[in-house]
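Single-letter residue listing:
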Amino acid sequence: MARGRIRARLRRGHLYTFSCLRPSATEEGPHSIEGPGYSRIVHCNQPLMHKRRPLKYRSNYISTTKYNFATFLPKALYEQFHRVANLYFLGAAIVSVSPLSPFSAVSMIAPLAFVVGLSMAKEALEDWRRFMQDMKVNTRKVKVHKEEGLFGNKQWQQVQVGDVVKVEKDQFFPADLLLLSSSYEDGICYVETMNLDGETNLKVKRALEVTLPFDEDEAFKNFTGIIKCEDPNPNLYTFIGNFEYDHQVYALDPSQILLRDSKLRNTAFIYGIVIFTGHDSKVMQNATKSPSKRSRIERKMDYIIYVLFSVLLVISLVSSVGFAVRTKFYMPDWWYLQPQNTDDYYNPKKPVVSGVAHLVTALMLYGYLIPISLYVSIEVVKVLQASFINQDIQMYDEETGNPAQARTSNLNEELGQVDTILSDKTGTLTCNQMDFLKCSIAGTAYGVRPSEVELAAAQQMAIDLEDQDAERSTLPRQKGKQQEIELETVVTSKDEKDLKSPIKGFSFEDSRIMKGNWWKEPNVDVIMLSFRILAICHTAVPELNEETGSYTYEAESPDEGAFLVAAREFGFEFFKRTQSSVFIRERYSASGQPIDREFKLLNMLEFTSKRKRMTVIVRDEDGQILLLCKGADSIIFDRLSKNGRLYLEDTTRHLNEYGEAGLRTLALAYRKLEESEYSAWNNEFQKAKTSIGADRETMLEKVAEMMERDLILVGATAVEDKLQKGVPQCIDKLAQAGLKIWVLTGDKMETAINIGYSCSLLRQGMKQICITAISSDAKEVVKENILMQITNASQMIKLEKDPHAAFALIIEGKTLAYVLEDDMKQQFLGLAVDCASVICCRVSPKQKALVTRLVKEGTGKTTLAIGDGANDVGMIQEADIGVGISGVEGMQAVMASDFSVAQFRFLERLLVVHGHWCYKRIAQMVCYFFYKNIAFGLTLFYFEAFTGFSGQSVYDDWYMLLFNVVLTSLPVISLGVFEQDVSSEVCLQFPALYQQGPRNLFFDWYRILGWMGNGLYSSLIIFFLNIIIFYDQAFCAGGQTADMAALGTAMFTCIIWALNCQIALTMSHFTWIQHLLIWGSIVTWYLFLLVYGMVSPTISGNAYQILVEALAPAPIYWSATLLVTVACNLPYMAHISFQRCFHPLDHHIIQEIKYYRKDVEDDRMWCRERSKARQKTKIGFTARVDAKIRQLRGKLQRKQTSLETLSPITPSQCS
C-alpha cells in the first residue's frame, strides 16, 4: 500500500497465456504512422493546443436527437409536408386567399395549421425527451487535470482532446483514452465492455511501462507527450498509434486503449489521456443518425391519397368542363345573372377561362374527399395507444421498477406487422448467469434436479396423456406410464419456489457427493481430481467479501464462475492466486481438518474459439507435474490415450442426456508428466513464445498440440445458462406467432451457440451450417471459398427431403465482412431466410446495423431490433422498429429506441397483444376514414352536377365544419383506441392471430378498395334516395315542398346516422365510452340543429328553426332517415354475415366460441383450437419439448415391447 494507494500483488502479465504472450511495445518498435487515415496528433496535457486549426477536434458533447433548435422548424415542416394530404391542403390554403375559393381563407388555413402544429408539437416533445436523456450523459462528472498536479470535476461535455482524466472504480470512461497508469503496480486495469460488444466478462488492459510512474495526481504537474495515431473510425478492436515521450517513441495497440462507455471494474482508479471525443469516439462512430421512421400503413396511405386525389381531379375536370359548357351555351340566356356585366370567371365569351377558374374552385369544394383530419386523428389515437402501452401493468418490471415505454407513437401499428426480430444476446436474452446443475464423474451421473427443458417436457407429456385417457378408455397401464415418465424425468412434488437455489451459480442437488459425502463413493481419487480441475483450471481472480467471509470470483466467463462456486461447495475452495501459484482450501480431508494446498502454476494455455479447450500445467506439493484440461467433448475425446477411455462410453451417454436437457457441457481430463518430458516441451514453448512474426500464433498452437495428448478422461460437467426470466417461453410464443428470430452478438461462437441451445433457437437434431473464412492474404480466394460454402449450403437445404428437417446458420463477424459486400449479400440473405434460425457471432455494432439493413431491404418486410447496450444502437436505429432494454448498464439503447421494455419477455405482450391490437385498430380506422369522406364528399359532386355545376354546396358551412371536427371524429377515435377483436389473454393463447398483421389482411388493396366501394355506394344511396323522396313531394302538412336547406339538412342527418351505424357494426368490442361517443355524436347533431336554429337568422340563415318548425314535424324526414340508414348498411351486414358463415377468419371463430361460452363448457375443444392456432415452427421451447417427448415415448415403447415379448407365467407353471 504505497502512498495509501491500493496495490495488487498479482501481476497477471506474467501468466503464460496466448492472449498475453505477445511482444511488448518496445520489442515490436514504433508503428510507421503516415499516409491518409493516420493524421491525428494529440498533445498530452495540453488541451488548449487543440482549439485551433489544424488540430481543432470535435467536442465531447454528444446528441442522439433528430432535431436541434436551428433545424427543428425546417426539418419538422418537411416531415409534415412530406405527407401528400398535407401538401394538398397547403396548396388549397394558399389558393383560399383568392376569389376562386368557395370557402373563407380562415376556414382553410386554420384546420391545416392546427393539424400540422399538433403533429410538430408531438415531435418536439418526443425529441425533447431524447435531448434531456442526452444531457444526463453530457453532464456526468469526471476528474480532469487542471494545473500544477491538481484535479477537479468537469462535465463530460467539457472534456477536451489532450486532457488527463482520472476515472475511478465503477465509472464509465468519458471518451476514448490512452491508459497511462492504474492503482495496480504493473499498470493493468479491468474493463467491462458490455455497452460495446455485449460481453460482461472483464477485459484486461495494460499501460506502457514508461508511463507507470504517473500513478498519482502530483506526477502530472509537468507531464507532456505526443500521440500520433489513426483518425476516428468505427473499428472497436483495432488501434494503431505511437506515443512520443522523453525523446523515445513507443508503439500503441488496443490493449492500452480504453473506449468510451466501457466501465472500470475491480480497479480503484486509472489515469488516461483523451484521444477521441464525442462523435469521434469509436462507440459513436458505430452509431447512426436518428432516422425519421414511418410505418408501412402511413406510407401506403400516401398511395391511397394519390388515388383519391386522382378521383378528385377527375370529378373536378368533369365539373369544370360542365361549367364551361353551361357558361358558353346557357349563360347568355340567363338574363337575371347579367352576363354582359360579369367578370372573366363567368364570361360566356371566355368559357376556357371560366372552366379553368372553376377547376380550382371544384378542387377546393370536393376537398372533403381528402381527409385532412385523418392525420391529426391518427396522431391522437397513437398517443392514446402509447399511453396504454406505458400503463400496461403486465409489462411492468417490479425488480427494476421500469415500465414499458412507447418513446415514439409513430410506429404503434408496425408492432403488429413484424416479420423478423434481430436480437442482441448478452443482457437481452441472458442475465449471463450459469448454474452448475449436473456432472458425470468416473462414469457415474450426479445431480437429480431437472433442467427447465426436462420440467417442461414432463408437464407436456402429462397433458398429452390426460388427453389420451379422455379419448380412450382409462386403463391402469396408462397411469403407470405417466408415473414412469415423471420418475424418469425426476419431477418431484416440489413447487417452483422449492426448486430455487439460494446459492448463485449453484443449483446442484445430490446428497451422494454433497457435504463431503463423496468420500463414501467409489473412485474417490477420480472425484477429488475432477473437483481440483474445476478449482485450478481457470483464469479467475478471487475477492474476499469481508461481510460474509466467503470468496467471490471475477472470471472471464460465467461458466468459470459457476465451476469455481461448484468446486467451493464440493469442498475445494480457490482462495488465492499469485503470479506463480494457485491456492486451494480443501475442507473435507482424510484427517477431517481443512487443508490449504498450493499448486505451482507452470503454464497456462487459454481457451480460444479455435482450440475449444483450456489447459493448465501445475506442480503439486508432492512435486508431481500435472496437466489439467477442460474443453468441448469432441476435442477432449480425440486426445484421449488408450488407457484414458475407461469411462468414455458412460460419459458420452451422460453428455447426450445433458445436451437433450438443454445444458452446456464440458469434458474434464488430465495427464501426469515426467520432469524430463516437461522440460523438453517447455523449451520449445519458450522459443515459440518469444518469437516475433506472423506465424507466432501457429507455432504456439503446434507446441500446445504436442502436450495436449494422451489424456485420461475423468468426467464431464453440465451447467444451465440462466436466461432472463421468461425468455424461452417468449421466443417459443413469438415462433408460434410466425416470427423469425436472428441473434446478433459480439460473443464468441461457442458462447452464442450455447445460448442458442438454452433459448431453444438451436436444438438437438438441427443441422448447423457454419460459414467461416479461410486464412489467406488473397481477398478473392477468401470470398470465393465463402461463396462456395453458401452455395453448397443452399443446395443442401433444397435437396433435403425430410419436411421436419431444420437448419441453423451460424456465421462470424470476420466472415460477415465479406458476406455483406454487394456481390455476395443477396446469396447470404437467401440462405439465411431458408434457415430456421440465424446466429451471427463476433459482430461489431456497425455490422449489426448492416445485417439489419440487409434483412429490412432484402426481404422488404418489417424488422424489429432489440438490445440493451450502446453496441446495439446502430441496429436499433436501422430497423423498422427499435426496442431498447432498460437494464442496469446504461441507457444508450433506450435513448435510441422507439419502444423500451425492462426485459426481453415483455416483447411477447408488446407484439402479440399491443401490436396486434394497434395494427387492426389503425387499419380499420384508416379504412373507415376514407369510407366516410368518400360517402360525404361525393354527395357534394352529385348535387353540383344536379344544379348545373354551379359550385353551390348543398350543406350549410357549419355542417361541413362540424362533420370532421365533432360529428364523426370522436367515434372513429374510439375505434382506434378501444377496439379489440379478442382479449389480451386470447391473443396470447392464440399466437397465430398475430399473422393477420404481417400478412396485412386488414389493409391490403382488396380491403381498401372494398371500403371505398362501400363509400361510393353509400353516397349514391344518400343522395339519390333523398332526392327521390323529397323531389316534388309534399314535405309539410301545409303541402310545401322541401327547399335546399331542408334537403341538405335531411341528407346530412342521413349521413350522420349511416356513418355512425357503420362504425358500430365495424366494432367487435364495446365499452360505455364507445356507446357514449357513437350515439352521443348523433344526439349532438340534433342538439346542434336545435341550438343553431334558435340563433339569429343573420347567423343561422336558412337553417333558422329548421328542426323545430320544418323537419321534426315532418314524418317523411324520420322515415327517410331510417330508410337511407338501413339501405346504406345492408350490404355491409350481408358481407360480414356471409364471411362469418362461409369464410370466417381466425378471430371470428374465437369470438363465436367465446360468445357461446364453449371455452368454459368444453375445455377440450378450446385446447384443440389453441393447438391449431400455432404457426408450424422448427425453433422454440415447444419444438424442443416435442423432441424430448419423442425420446421419452421411444423409451416407453421399447420397455413396453420388451415386457410384451416375455411370456406370462401361469399358476400351473409356478406349481
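Residues numbered from 1 in each chain as written. Predicted model: local features only at pLDDT ≥ 70, side-chain atom pairs only at ≥ 80, totals over all residues. Heavy atoms only, no water.

1. Some points on the overall build of the chain
Helix and strand content of the chain: 41 helices and 33 strands. A fraction of 75% describes how many contacts in the chain between residues 6 or more apart in sequence connect residues 24 or more apart. Of the roughly 52900 Å² that the chain leaves accessible, carbon and sulfur atoms contribute 56%. (Helix = DSSP H or I, 4+ residues; strand = E, 2+ residues; numbered from the N terminus. Contact = heavy atoms within 4.5 Å. Areas by Shrake-Rupley, 256 points an atom, 1.4 Å probe, with all protein chains shown as cover.)

2. A closer look at the packing of helix α27 (residues 906–946) against helix α31 (residues 1005–1030)
Relative orientation of the contacting elements α27 and α31 amounts to 40°, with a least axis distance of 8 Å. As α27 runs across α31, the sense of the crossing is right-handed. Between α27, through C927, Y928, Y931, I934, A935, L938, T939, Y942, F943 and F946, and α31, the contact on the second element is made entirely by I1008, W1011, M1012, N1014, G1015, L1016, S1018, S1019, L1020, I1022, F1023 and I1027. Classifying every residue of the contact of α27 with α31 by side-chain character gives 17 nonpolar, 5 polar and no charged. (Axes fitted to C-alpha atoms, helices over the stretch in contact; angles between N-to-C directions. Left-handed = near helix turned anticlockwise from the far one by under 90°. Nonpolar A, V, L, I, M, F, W, Y, C, P; charged D, E, K, R; others polar.)

3. Examining the pattern of salt bridges
One pass over the structure, following the stated rule, counts 44 salt bridges. Two residues, E677 and R671, come together in a salt bridge whose shortest N-O distance is 2.3 Å. Classification of R671 by relative accessible area gives buried; the value is 8%. (Salt bridge = Lys/Arg side-chain N within 4 Å of Asp/Glu carboxyl O. Buried < 20%, exposed > 50% of the residue type's maximum accessible area, 1.4 Å probe, protein only.)

4. So, the UniProt feature "active site" (unreviewed entry) in the chain
Under the local residue numbering, the UniProt record ascribes the feature "active site" (unreviewed entry) to D424. With respect to the helices and strands, the residue D424 is situated in the loop between β15 (418–423) and β16 (430–441). A polar atom in the side chain of D424 sits 3.2 Å from the side chain of K848. (UniProt positions renumbered as here; feature names shortened; annotations may be inferred. Polar contact = N/O pair within 3.5 Å; in protein donor to acceptor, adjacent residues only side chain to side chain.)

5. As for helix α16 (residues 648–660)
End to end, α16 covers 18 Å across 13 residues, agreeing with the expected 18 Å (1.5 Å per residue, within 8%). Every buried residue of α16 is listed here: L648, T651, H654, L655, Y658 and G659. In a view along the axis of α16, the buried residues occupy a sector of 140°, so they form one face of it. (Expected span 1.5 Å × (residues − 1). Arc of directions from axis to C-beta.)

6. Side note on the sheet that holds strand β2 (residues 141–147)
Reading across the sheet, the 6 strands line up as β3-β2-β4-β13-β5-β11 and stay open at both edges, with antiparallel pairing between neighbours. Among the strands making up the open sheet, the edge pair consists of β3 (150–155) and β11 (257–258). Inspection of the sheet shows strand β5 (residues 176–182) paired to β11 by 2 bridges, in the antiparallel sense. Following the sheet pairing, L178 is matched in β11 by I257. (Pairing = 2+ DSSP bridges.)

7. A few points about helix α14 (residues 558–569)
Look at α14: 17 Å from first C-alpha to last across 12 residues, which is about the 16 Å you get at 1.5 Å a residue. Of all 12 residues that make up α14, 11 are buried, and the element is covered over most of its length. By the burial criterion, the buried members of α14 are D559, E560, G561, A562, F563, L564, V565, A566, A567, R568 and E569. Immediately downstream of α14, the backbone of G571 shows phi near 110°, a positive value.

8. Brief notes about the pairing of strand β29 (residues 807–812)
Both faces of the sheet carry side chains from a regular strand, because those side chains alternate between them. For β29, a buried count of 5 out of 6 residues is recorded, marking the element as mostly surrounded by other parts of the structure. Of the pairings in the sheet, the one linking strand β28 (residues 767–771) to β29 comprises 5 bridges and is parallel in character. Across the sheet, residue I771 finds its bridge partner in β29, namely I811. Inspection of the sheet shows β29 paired to strand β30 (residues 837–841) by 5 bridges, in the parallel sense. The residue of β30 that forms the bridge with L809 is V838.

9. Some details on the state of the cysteines
Scanning the entire structure with this criterion turns up 0 disulfides. C770 takes part in no disulfide bond, and the closest cysteine sulfur to it belongs to C841, at a distance of 8.1 Å. (Disulfide = S-S within 2.5 Å.)

10. Quick word on a nonpolar patch on the surface
Together, Y303, Y306, V307, V311, W1005 and L1009 make up a nonpolar patch on the protein surface, roughly 540 Å² of accessible area in all. Counting residues per element, the ones that place at least two in the nonpolar patch are α7 (296–329) and α31. Examining the composition of the nonpolar patch, we find that 4 residues originate from one element, α7, more than from any other. (Patch = residues over 30% accessible without salt bridge, like charges linked within 9 Å, V, L, I, M, F, W, Y side chains within 5 Å.)

11. Looking at the nonpolar core
In terms of nonpolar packing, the biggest core is built from 106 residues, with V926, Y955, Y959, F1003, F1052 and W1085 touching the most fellow members. Considering every element that reaches this core, the biggest residue donor is α27, with 18 residues. Grouped together as the second largest cluster of nonpolar side chains are 58 residues, A404, Y757, A808 and F904 included. (Core = buried A, V, L, I, M, F, W, Y, C linked by side-chain atoms within 4.5 Å.)

12. With respect to the sheet that holds strand β7 (residues 203–206)
Read from one edge to the other, the open sheet built from 3 strands follows the order β7-β6-β12, with strand pairing classed as antiparallel. Pairing within the sheet leaves two strands with one partner each, and these edge strands are β7 and β12 (263–265). Averaged over all pairs of adjacent strands, the angle between strand axes in this sheet comes to 45°, irrespective of strand direction.

13. Some words on the confidence of the model for the chain
Fine structural detail should not be taken from predicted coordinates in areas where pLDDT scores are low. Of the residues in the chain, 85% reach a pLDDT of 70 or more, and the chain-wide mean stands at 81. At the low end of the mean pLDDT range in the chain sits helix α11 (residues 476–488), at 37; at the high end sits strand β4 (residues 164–168), at 94. A low-confidence stretch, residues 1209–1215 stays under pLDDT 50, and its non-local contacts, those more than four residues away or across chains, total 2 contacts. (pLDDT = per-residue confidence, 0-100.)

14. A closer look at the pairing of strand β13 (residues 269–276)
Judged by how many residues are buried, β13 sits mostly within the fold: 8 of 8 residues are covered. Looking at chain direction, β4 and β13 are connected through 5 bridges and run antiparallel. Across the sheet, V164 pairs through a bridge with I273, a residue of β13.

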